[in-house]
Every structure is written in structure tokens, then in C-alpha cells.
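Fold and contact review
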Amino acid sequence: MAVYFDTKIDPEFKDSNNYFIKWHRDSRLLAVGSFHSENGGSINLYNYFDTAVHLTESVIRNSSAPVSIDWHPSKKVLAVGWESGGLTIWEEEGNGKTQIEASHQGAVSVIQWSASGTRLITADNTGVVNVWKVDPKGHLQQPPFSRHEVKEPISQCMFKPPPPIDPTTDMSILARAAVGGDQKALDMFSWNKTKSNMTLNSGPVESLCCYISGTSGGIYNINDAGECVLMFKADGPVRRLLFYAERSILVVVTTSFMLSQYSVSQDGSLLELAKVKLSGRPQEADIIWAGKDLIAAATGESSVRLWDIENSDNFTLSLETQAGFQASENVICIAYNKQTEVLAGGTSLGNVAIWRHQSIQQEDKELEWKLQPSAPLEGIIKHIEWGASNLLGIGTVHCAYVLEEHSMVAHSSSQITAVQVSPAMVWVEMHALSSYHQVKTDIQIKGVCVSKEHMTVWNGKTVLVYDLVTDHSTIKQIGTFSSDATDIVISQQNLYLIEDGKVQVRTFQGTVKQMLPVSASEGEPCCLNANGNFLVIGTTANFVKVWDLTRREARLHTNPRSLKDFVKFYERLLSAKVNCAGSKVSILLNTEASTPVYPVYIWEIETDSVQYFNFSSGRGDQDDFKHSDADSMTSAERASAEAARLIAGRYPISHHWDAVEPRLLVCEAKLLPEAKTVNSKLLTLSLVAPTVKAPVRNTVEVMIVSLFATQECGVILQDSIQLSQAFSCLIAVEVPFFYYVVKSDHKEEAKQIDISNMSTSEMLMSGGSSSPVKQHLAMRKTMRDFAGLEAGDENSRKAMMDFSYYLAIGNMDEAYKAIKLIKSGSVWENMARMCVKSRRTDVAAVCLGNMGNARGAKQLREATKEPELDATVAMLAVQLGMLDEAEQLYKNCSRYDLLNRFYQAQGLWEQALDIAKVYDRLHLRSTYYNYGKHLEAKGDFSQAILQFERAGTSKFDVPRMLFDDNPTELENYIMQTQDTHLRKWWAQYMESLGEMETAMQYYEAAQDWLSLVRVYCYCGNIDKASEIANETGDRAACYHLARQFESQDNIKEAIHFFTRAHAYGNAIRICKEHGLDDQLVNLALLSSPEDMIHAARYYEKRPEHKEKAVMLYHKAGYLSKAVDMAFKNNQTAALHLISGDMQDTTDPEIVSKMVQFFIENNQIDKAVELLVKGKKYFDALDLCVDHNIQISEELAERFTLDKEEADLSTRNRLLEKIAECAMQQRSYHLATKKYTQAGNKVQAMRVLLKSGDTEKVVFFANVSRQREIYVIAANYLQTLDWRKDPEIMKHIIAFYTKGRALDSLAGFYDACAQVEIDEYQNYDKALGALSEAVKCLSKAKMDNQSEQEEKLSRFRLKVELVKRFVIARRTYDSNAVEGVRLFEALLEENGLDQAVRVGDIYGFLVEHYARLENWKAAYAGLEQMRSKIPNLNMSYYVNSKTVERIHQVLDIPLRKSLIEEEQDEGEEVEEDVAIYN
């Protein structure tokens, strides 16, 4: 709950008129515009911190009235437009004021900054629009960037908002997350982890596009370049321009309340989407956004109208008299706070209406907004606006106000509660006397404290002290003094105040009696609390000090304790409270970022240790780490676990010790925000650490949790209850009562809650007069454990408290001792109720026995058979009348079947059906049935019928329900329903009564054609019966009619209807009896095989119908008989048809007979097909070979057996047989496939080689991955022209390598080398190939070692000779003489021609001598070549021109045989075999 403190800002001059106010967006600067008839217009600036500080040196003055003002979005720069057309820019830095007079000729009606403040739009009532550029310091750059005249006064201006910020790439958001330890955010800032395409944004991109509107309805767009374009004309003057950023929609509202929506494209163009007429009075309407997609309008009525443009819905928020508003009061202006979701409105009578939006979704949208009590001011409110820090600025006719929100304060002690009801008023309620007082003060109250006899209120400047007279009939002020106290408590006759960073003890008149010392190292006091004779003080340095107040002067009860010694990883102390014995101090902590800390810590003074209760897990420090298996838990442990799960996922927001019981601590725990990331460090203790946050099981916002804190057992959960919606918070606990503050909008609900806690004589009294209870602002509610003991003595309360404590710790012996002397049945019932919360069914059984509740004890005993503890406890709750608890328990254990029965027992049929539909569909029909029985008992037959239909029992239950008393209604129901069963039943009933016409109508409605035909036949109308049977084709009806015709010897009609009834046997019988042979065969073909055989035997006896007998035997599946008759009667066509239907199950003898028949008739393909069907595959293959029948792919597949049909060896033999046949028929690919399927891949490869399909050979070798196949494939590839295809050469090398045939690979390299020498004279490549050959042969493992050695030595010799040739040729390039010598020495080597062609050496020498013009040596070389090489082709080694030149110079005749035409070498093929290069 909150109240609003108002601060009045008086006008600078008396009789000034305030027109408007404007808050700075990020600071507490407020600009107030006013006009005085003599002193002119002015803008006064105020800095608000608790009060408005006038910046007197910053007043902006002008002779004319201010018309419009606007703050720069980030800098403290204010733009003011005057009625005279002037423009003033005020800057905080240097208090500078810049006057711009010549920019406008009329009143400056519009001033608008862009989102980042780089542009400013000013417009006047003559239609002049100026666009100004703004430098980074906020200075306007003159002249204007662009100037436009639109020929109509400007009324509205709106910049298009920037696109929303992506939180995953925004630098500021990521920086904050990285500081908080978010690893993903840290990765985004790491250069080595950031994705290359990820761009970090430093902020929103400003949009410089804006829209302006005129009083004539014109809508204009000013783009980034400053150009102004008329977009369209509205239906009338524009009242408001709004932009719906989520969908990029421009909303235009005219003065006639016509709302139009336009889609905004990237270039600023508009497309109309929708147009709607709004209701309300459009004159001077104030229209704003009030949420994501809500538009709110104040139209001078007593309500605010809201439109949901997303869902096309609307509703109103009205002023209510119970909130302090009058019936004649109207809302003039409104403002919406986006951060707090609060809508504020100013009224015609000077009140401020506050509507606070609730997060709970409601079907009626009005219920989501709660009207707060009115805040009364003086004068008609003309303008209202929210500012920074949730400050609300208000402008009235003659002055301005600032409203600041404060939490409403309350305090309770000694059965007296004080609650603030307005800024200056306190409601004091004496619960023991059921009386109240209203205390009005002259200060705005910020704090209140009460004791048994006194009360004090303060506001940070003044303290007021009141005396509560002994009989509490009156309250009078006994003291007042000035003090800047931030917190005050009363104990006995003293006030303890935190003021000026210290704690002082004062009298009620303000005299300082004592100062409680707090050293500098201990920090400054930040909180204090008194309970009984003890006072606790908490400091900013996280120290806790406890004082004993029993003596005249307070003295330390124990040494100061620093919480840092016990609790780590938190920032500040939130509050500390001491118990009545001064033995324990409870502590709430908070972080610097106000992140909730889950435990409440308890300092045990005697042992100087810290205990805690973790609201995240719902457990205390002694069992926070227990994770027992559910199956191994005892009933007490399960009860504890269930209770912990109910409150898990919360954090404490307040804590209170009982005034008498030192063990009892009560906390208010709030549900954790689901989206908040939890830092586990907040949970860590120096000794032990609470567990991390547990999952939330329910959505109860606030719970009241009672704890027992003892030195022996730690902190134990005693009870937990939900905070009622009627209460705002818990303020105190005094056994046996909780004390709450009542919400202002739930007073009636709170009154109903309190009826059980009040006697009929309790009334509220004021001034000594009594009056009936009308309202409560504070309320006490009896603790669940003490129900019935409100007026009990102290011993009974103590016994109950001990019982509750021992029950919580599981000590049943002591629990029984504590209550054994209590005889009251209500007390035993109350203890049984406690067992529902503690889930102690064993204790509950004893309590029920003492109560004499035999039925409840029986039901509890039977419920213990349920596997879930909560289901058993729920039954206990039912027996005790705790229906809400029972319902929640059934939900907790997911026993929706029992919950369904529970709802049914209460008559809550809607809830029962909802549960059955969603969670208990197994019992959905039974639920419908039970509901129907319930409605039947109530006499609501129409609804009962509906439920019986849903249950699927209407066929029985509806006639049962209506037959005796409402036969007419039953007949109407049967006529209306489409249920054929009921119609047939009613027809039978009518027939039994002899009403044949009615019976036939219902038979026809039920489509019971048999009964209808039967009745017609009975009535003698056989023609109508025939018509119905023919139209419907109903078999039963046709059969009945056929029997009727047969009995009348109408054979034709009898056969017809027997046929339609599919009673072919009867039709065949009649045909046989009457010799109708032609019809018989057709009927037999339609009939069953047995009937076909009977008909075939009939025809077999008639020679003229032998072919029909064969056909019928065939169709009936009696093939042997059909074949015999076909052979006997030489019916070839029939044999062909029969063969097509033969299967592998056909008698082999018949198959052989048919095969022989087809062979004799030269129909070999038919014979083969028949053998295949008979699975005589080998015979079929032999037949194909003998008669040269081509085996196709399809036929081969039919030959192939499935793996499940035969053993592997038989299947493989058959496949190889197929492959052999295919190979003989030159179907090499088919043969390869079958050999592969048989697993004989080597033979498959050999067959594939015969096809010559090189591509498939290579593919098959690669897939087979067998050494032998690799070698075979390589050998095959060598037979091809591999010299011209490098790919084939690579395959050969790869296959020999994979097949490990290194000797063959060596031979191939040798062949490659020879090709390089013979065809290309490339000895370098040849040397590489020979080297590879030597390597391969060295690694080979040949069977004949001597042969391997011989080949290896031969290869090595070749390598040596080729290598010498290559060296000689390379040497020649650098030293010709040495090269020639090496060539000549090489010619002397034996076996040279095996590796090097002698002609190449001689040709090289001849060319060498020719170049030196040593013609004789050259000729000698030619002669030696001729003698060494037989059949010499000279031109192959020496250029023919060189040969001619040698003979010409030496004058030697050249024989024609020596002259050979140079052969065209063509294009040289470059063989790049990487392996030997």
C-alpha cells in the first residue's frame, strides 16, 4: 500500500495562471510555465529532492505567454516556445539563455526533440515548420536545417521511435551482464570468441523521420533529409498522433474521435489498415498510451476510456465514491507511468485518481486496474505528468504540485495497531476493546510506532508523541519536538531514535537522556527494534548490538557482533529484530543490487553462532542438505518434505518475534521472480551453505511462515499459510493472533474474514459512543493452532505452544505430555487440524479418538492404504471440514481421481467436470453419469438427459427415467434424437401395443428395414415390402422377403431376393430343384467355394456342361479335379487359365503334368513360368538352357530365392546356376550380379571383364575390396590403352597396391619406364618409374625367391644405366666435353640396350659434333649407329636435315634409304604419374 505526499509549488506572482509543467526525462528538474497579466510569461525551474528547490537564477521570462516547452532527451537543455513566435533555449551549464526571435511569426504551438536530441522541430499556428540541427552539446545550429510552410496551424508532432534494442547485441546491456559474471556476455567481449559476423550495438539507432499534423487534418512526413511531404488528409482536425512501435503502426485520432491505423514502411510511406469510430466526448480529450497496446482517453467524463487496438476491445475505468471521489467529478487529464504501470488522472474537483495495473490476467480487463484512494489538492487540475523517480507533477489553474509516492506505514504492539490512512492521518485500533480512533496530524507522516500506552509519528523533521489514555477512550498529544530521526521505537517511557548517525534516548518531550554509543568502525545505525526489555541496533558496517533496557539507563546485553564473521557474500543489513528474551536476533540481508537473499539468519547470542532458514529450499540449516530417497522416508520426513516444497522458491520480506514466546519467529515470504538469475554466492555461509533455489511448485504470491528457533534443534518449520488477498502485509504476531494491514479495496472482504474472530458485542467506538463494525484498516486473525483458545488462560496457550513445538520436532512423547490435561473437544479438534499441516496422521488418529469422531477415524484408517501421504492427509482434512486444504492436498499429490470425487461430494460439478476433462479422463464418463443422476434427483430432466448422453448411457437411462411418468416427453425425445437404438425400441413397444402404423414410422426412422419389411409382410402389403427391400438392399430384409416369395412359389422373385441377400446357397438350391442351369453358374461364381464345388458336381453329371464344371472347380480352388477334367476333355484354354493361378503349394504331380503338356505343345515359356511357381528352379533353368530361353532381369529375380526360403548353400548353388546360364547367353552384367549375390565375387569379376565395361570393372573392384579382385582388375586395365589415359594408369597402380601384388606393380612400372623411353625419350620419368619398380619389388614376397632376386638385380642395373644417361645429359649442359666423355663411356657398358636406347646416345653425339662442325666425327657416329642398330630408321634419332648436311659437307652421296620422312609427332601427351615423378 502507498500514499502520496504532495508538495505545493506556489506561483511566482499572485494571480498567475499555470498552463503546463514538464519534467526532465532523467533528472528531478521540473519546468513550470505560467503567465501573469502584468509581469508576462515565465518558466520557473525547480529541483525536487523531498521538496521543490526554486532555481531563482534560471527563470526564463518573456512578455508573452509560454505556449510549448520540451526538454532535451539527455542533456539539461530546455526549449521554450512563446505566443509571440519567439524561441528560447536554456542550458544548465552556465545558466545560458539563447533567444531566437525571427524563426516564427505566430505562436510556437509545437516543440519536439528527436529521440537522441540531434534534431528539434518547432512549428507555429501559421503553418511554419522549422527543422533544426543540434550539435553534441545541445546547441541549435542556425539557420534552420530546413523550413516549410504547410498552410495550416500545426497541432501535433511525433518522431518515429527508433527500432527496439536487441539485448543479445546491445553493448550496454552486455556490459552490465558481463560485470555480473554472465559467461555468454563475457564471450561477446572476447575477440577470440566473438563470431566474425556478430556486431555489437552501442545503443538504439535514432530515427530522424517525423510526422506532423495540422488543424485542417493534414498529415505530413518530414524525412531524414528535412523534406516535407503531405501524406494524406484526415477526416478532421487531428487531436493526437501515436506510434505503435511493436507493429510499426501510426495511430491518428481526430477531434471527432475517429481512430485510424496506418502501416509505416521503411521509407516513411503510409498504408491505411483500419478505421473505427470511438465513443465518448471528443472535446478537449487527453489521449495517451496506457500500456503496450492500450490507448487511454480522458474526455471530461467521470471515467477514463481505454481501447485495446490489438484485440479490438474497449473498457472504462470509473471514479468510485468509496475511494473518496464525488459523483459529479470528471477526469480532465491523464498520464501513464510505464515503469510502475500506474495511470494517473486529474479531476475537475482537484483530486488525483491513481489506477494501479495488476499482473493477474482477468477476463474483465477493468478488474486488472485497481483504483487507489484519492489524493485531494486545490483547484481544477489542468495538466499532469510523470517524471523521473516516479514523481508526479500536477498543474492546476493557479499553482503546481509534486506528488511523491511513499509506502504506507503501520505498527502493532500490545493489541494496539496504528495504520497510516492518508499522508497526515493515522488509524489507531484497540483490538482488545474493539474500538478505533482517527488521529489527524499537521505533518506528512513517514513513520509510526505504538506501545501499550503511547504512540509516536514522525516525518524526518518533527516527532509527535501521543498518550493512549488508560481506558483508551481518547488519544491526546503529549509531546512534540524537532528531530531528523529516520527510525523510532518506544520502550516503557523512552523514545529510541536514529538521528544524525547515532542512537539517542529521549523523553516524550524530546529531552535527550542518553546516547547509545556506536563507534566509527561499527558504522552508522540503520535499523533498530525493541521487544520486551531488549533493543537491537543494526549498523551500516553490518554490526549488530543488543541493549538491555531493564535498568534506568540502557546497557549492552552482549558484545557487538559483526555479521561478516558468520555470513559472507552480501552487501548490506536490511533489518534486525530481537526476541522477547534477548537470546536471539533475526536478520534479513540484501545485496547492493537489491537481489533477494533467500535465508533469514538467526544469531544465537548465548553460543555466538548463526542459524538460518532457507526459503529457497523450504528447510532450516539442520536439514538443508538432506536428499533422502522418497521410498525410504518415514511419514514424518515425508510430511517435512511436503511442507518444505509448499514454501520453496521464496525469499523473506519481513520477520516478527512473538512478544511472549521467545522461540516463535514469523516471516513473510514472497515468491521469487521466475526470470531472475540467482547468484549462488548469496547463499553461502562461512560454516555451512544453504542449497540453491528449489523449483517453485505454486503461484501463491506471499505466504506467512511460522518458525521455531532453538539452540538444540535449529530452525524448524512450524506452519505456513497463504496471505489473504484482503491483507497487504503482516505487521506483528502476538500469540494467539496474527496482525495484518487491510487493503483499502478489500475492506468488505476483510470484514467477512474477521467475523469468526469477533463476538457479537464487539463494535468500533469513537468518542465514547459505540457503533456497529463498519470497516477495518487493521485486523488480527487467530493462529490456526490456537483456534478456540482465543479467550483461554496462559497455561492453555503455553500447553498448546509446547505441543506445537514438540510436534514440529517429532517428539511425540513430549507432545502428549503437553496436552494430556486438556479436556476440551475443540482443542483436540484444533490439534487434529494442526496434524493436517504437519501431515502427522498417527497423531491425528489419536485426536479423532479423543474427539469421539468414529466415522472420521474409520475414513482415515481406510485412507492410509493410499500410496500418497497427501491423499491420506486430504481425507483427514475432509473429515475436519478443512475443504480448501483437502483440495490443495489432492492437487499436490496429483490424485485427480480423488479430487474429482471430492468435488462431486460437494456438488461442485463444474469443477469436477473440468478436472475430469483435463486430468482424469478415465472417469470422465462416470462423472457425467453421476452428474446426470444428481440432476435427475433434482427433477432437472432436460439437463440430466444431456449428461446421460455425454456419459454414453442415454439408451438405457433416458427411457428408464421418463417411461413411467413422462411417456409423451420420452416419445418427443426419441423423435428429436438420432439414436436408432431408441427409435427401434419404441417401435417394438408400439408393435407390442398393436399400433402398426406408428411402429412402421419408427422402424423407418430407425432404418430397421428387416422389421419394417416383416411388418409389411405381416400386414399383407408384399409389394411395399419388395419396394423397400429393393431400395435399401438390406440383406436381412431381402432374405425374409425371399422366404416369403419361396413359400408362395414365386421362384423368380425368390431367387432375386436370395441373390440380393447374398444367400447364394439358397438361390443355387432353388435353381437345382427347378433346373435353371443357366442361372446356376452365375450364382455359383458369386457364392462360396463349397457352393461352387456342389454346382460343379451338378454340371459334371451333364456332358453338355463339362466346361462349366472345369471352370467352377478351378474357381473353387479344386485344381487337381479341374486339370483332370481339362485333360480328359482336351480343354487347352482352360489349362492356360489354370496354370496362371498355380502356386508353390500346388500338387507337384499336377505341376509336372502341366509342364509336360506345355513342352509337348512347344510353349516353353509357360512351362518355365510354371516350374518357377512350383519352385523347381533348377529344372526351369535346365529348360531355359536346353531350349535357349532368354533369361531376363525379371525372370532372374523370380528364380532368386529369399534368404529365409532355403539354406545358404542351396541358394548360392541356384544363383551360380543362374549366372552360368546368363553367361552362356552373354548377359554378362546379369551373370555378374548373380555371382555377387552368391558371394563368388572373383567369378563375378571374371564375367564382368568379358563385358568390357571398364567403368563398372573399376567400380566393382573398389566395392569388393578383395586382393584377388584388385589384381584381376589391374591386369585387365593393363590390356587397355593406359598410355593415353592417365586415369587408367592411376587405377592400375592403386589396384596393384591394394591387392599387394607388388611384383606385378613393379613390372607395370618397368613397362611405364619403357614407354617413356620409347615414345617420349623422357629418361627422367623413366628413371622415376624404374626407381618405384625397384622399391615395389624389394617389398614383394614372391614364391620364387631366386626369380625375385634376378628381376631385382636387372631392375637395379636398368636404374643405374638410365641414371648415368640422365647425369651425362645434365652434365653436357654445363660441361660439353665431360658430357661427351660420359656418353662415350656409357657406350662401353654391356647390356646398355636393355635400359637405354643406343640410338639416343649416338644421336646425341652426332648432333654434338655437327654443332661443332666436326663433320667427320659426326659421320663416324652415323656409321657406328648404322652398324649397331639393324633396320635403322635414322630420322628417329637424328634430324634428317643434320644427316643431309653431314653428307653434303663431306660430299658423300646420300642413299634414299637413309632419308626417312619425319613422322609427325603430333601433340605430345603429358603423362603425369605422380608416383614416380
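Attention here is on the structure that accompanies the text. (Residues numbered from 1 in each chain as written. Predicted model: local features only at pLDDT ≥ 70, side-chain atom pairs only at ≥ 80, totals over all residues. Heavy atoms only, no water.)

Time to look at the nonpolar core. By size, the foremost hydrophobic cluster in this structure holds 83 residues, and its most contacted members are M1245, F1308, V1362 and V1396. Per element, the largest residue contribution to this core is ten residues, and it comes from helix α40 (residues 1302–1320). Sequence-distant contacts of V1396, that is, excluding residues within four places in its chain, are made with Y1323, L1361, V1362, F1365 and I1401. Counting 60 residues, the second largest nonpolar core, distinct from the first, contains V958, Y1016, A1042 and L1080. (Core = buried A, V, L, I, M, F, W, Y, C linked by side-chain atoms within 4.5 Å. Buried < 20%, exposed > 50% of the residue type's maximum accessible area, 1.4 Å probe, protein only. Helix = DSSP H or I, 4+ residues; strand = E, 2+ residues; numbered from the N terminus. Contact = heavy atoms within 4.5 Å.)

A word on the pairing of strand β62 (residues 737–742). Here β62 lies mainly inside the structure; six of its six residues are buried. The two faces of β62 match: F737, Y739 and V741 on one face and F738, Y740 and V742 on the other face are all buried. Taken together, the six bridges between strand β61 (residues 727–734) and β62 define a ladder with antiparallel strand orientation. In the sheet register, A732 faces β62, and the bridge partner there is Y739. Between β61 and β62, which pair antiparallel in sequence order, lie two residues. Pairing of β62 with strand β65 (residues 778–782) involves five bridges; the strand directions are antiparallel. (Pairing = 2+ DSSP bridges.)

Right, let's get into unusual backbone geometry. A negative phi holds for most residues other than glycine; trans holds for most peptide bonds. Geometrically, the link from Q142 to P143 is a cis peptide bond, its omega value of 0° lying close to zero. Along the chain, P143 turns up in strand β14 (residues 140–149). Here V735 and P736 are connected by a cis peptide whose omega angle stands at 15°. With a phi angle near 55°, S312 is a residue other than glycine that sits in the positive phi range. Relative to the assigned elements, S312 resides in the loop between β25 (303–308) and β26 (313–318). Even without a glycine there, the phi angle at E1413 is positive, about 60°. Tracing the sequence through the fold places E1413 in the loop between α44 (1398–1411) and α45 (1415–1428).

This brings us to helix α9 (residues 854–863). All buried positions along α9 are accounted for by G856, L860 and A863. Looking down the long axis of α9, one finds its buried residues gathered within 60° of arc, a one-sided arrangement. Projecting away from the buried face of α9 at angles above 90 degrees are the exposed residues A854, R855 and R861. Against α8 (841–851) and α10 (869–879) lie the buried residues of α9. (Arc of directions from axis to C-beta.)

Let us now look at the packing of α40 against helix α42 (residues 1345–1374). It is at 12 Å that the axes of α40 and α42 come closest, and there the two elements cross at 30°. Here α40 is positioned roughly parallel relative to α42, judged by the angle of their axes. Judged by the sense of rotation from one axis to the other, the crossing of α40 with α42 is left-handed. In this structure, α40 uses D1303, A1306, D1310 and I1317 to contact α42, whose residues at the interface are K1351, F1355, K1358 and V1362. Its residues assigned to classes, the contact of α40 with α42 shows four nonpolar, no polar and four charged. (Axes fitted to C-alpha atoms, helices over the stretch in contact; angles between N-to-C directions. Parallel < 35°, antiparallel > 145°, perpendicular 65-115°, else oblique. Left-handed = near helix turned anticlockwise from the far one by under 90°. Nonpolar A, V, L, I, M, F, W, Y, C, P; charged D, E, K, R; others polar.)

Our focus in this paragraph is helix α43 (residues 1376–1387). Taking 1.5 Å per residue as the helical rise, α43 with its twelve residues ought to reach 16 Å, and the 17 Å between its terminal C-alpha atoms agrees with that figure. Listed as buried for α43 are G1379, V1380, F1383 and L1386. Each buried residue of α43 lies within a common arc of 120° when the element is viewed along its axis, so the set occupies one face. Check the buried side of α43 and you find it contacts α42 and α44. (Expected span 1.5 Å × (residues − 1).)

Another aspect to go through is the packing of α43 against α44. Contact pair α43 / α44: the axes reach a minimum separation of 10 Å and the direction vectors enclose 150°. The hand of the α43/α44 crossing is left-handed. Residue-level inspection shows A1376, V1380, F1383, E1384, L1386 and L1387 of α43 in contact with α44, the latter providing V1398, I1401, Y1402, F1404, L1405, H1408 and Y1409.

This brings us to the packing of aromatic side chains. Going through the model one piece at a time under the given rule, you end up with 28 aromatic pairs. For the pair W427 and Y436, a centre-to-centre distance of 4.2 Å together with 5° between the ring planes defines the contact as stacked. Y436 carries the same exposure label as W427, and that label is buried. Feature note: the residues F963, W985, W986, Y989 and Y1002 constitute an aromatic cluster, connected by ring pairs. The ring of Y805 is capped by R663, whose NZ or CZ atom sits 4.6 Å from the centre of that ring. (Phe/Tyr/Trp six-rings, centres within 6.5 Å; stacked < 30°, edge-to-face > 60°. Lys NZ or Arg CZ within 6 Å of the ring centre and 35° of its normal.)

Before going further, it helps to spend a moment on the sheet that holds β14. Judged by pairing direction, the sheet is antiparallel, and its four strands sit side by side in the order β11-β12-β13-β14 without closing on themselves. Single-partner strands in this sheet number two, and they are β11 (108–113) and β14. Adjacent strand axes in the sheet meet at a mean angle of 20° when their direction is disregarded. Both β11 and strand β12 (residues 119–124) contribute to a ladder of five bridges, which runs antiparallel. Counterpart to Q112 in the pairing with β12 is I121.

The next point concerns the pairing of strand β40 (residues 454–458). Here β40 lies mainly inside the structure; five of its five residues are buried. Burial along β40 is two-sided: H454, T456 and W458 facing one way and M455 and V457 facing the other are all buried. Both strand β39 (residues 447–450) and β40 contribute to a ladder of four bridges, which runs antiparallel. In the strand pairing of β40, V450 is matched with M455. Note: β40 against strand β41 (residues 462–468), five bridges, orientation antiparallel. By the bridge assignment for β41, T456 is matched with V465. Count of turn residues in the β40/β41 antiparallel hairpin: three residues, of which G460 carries a positive phi of about 90°.

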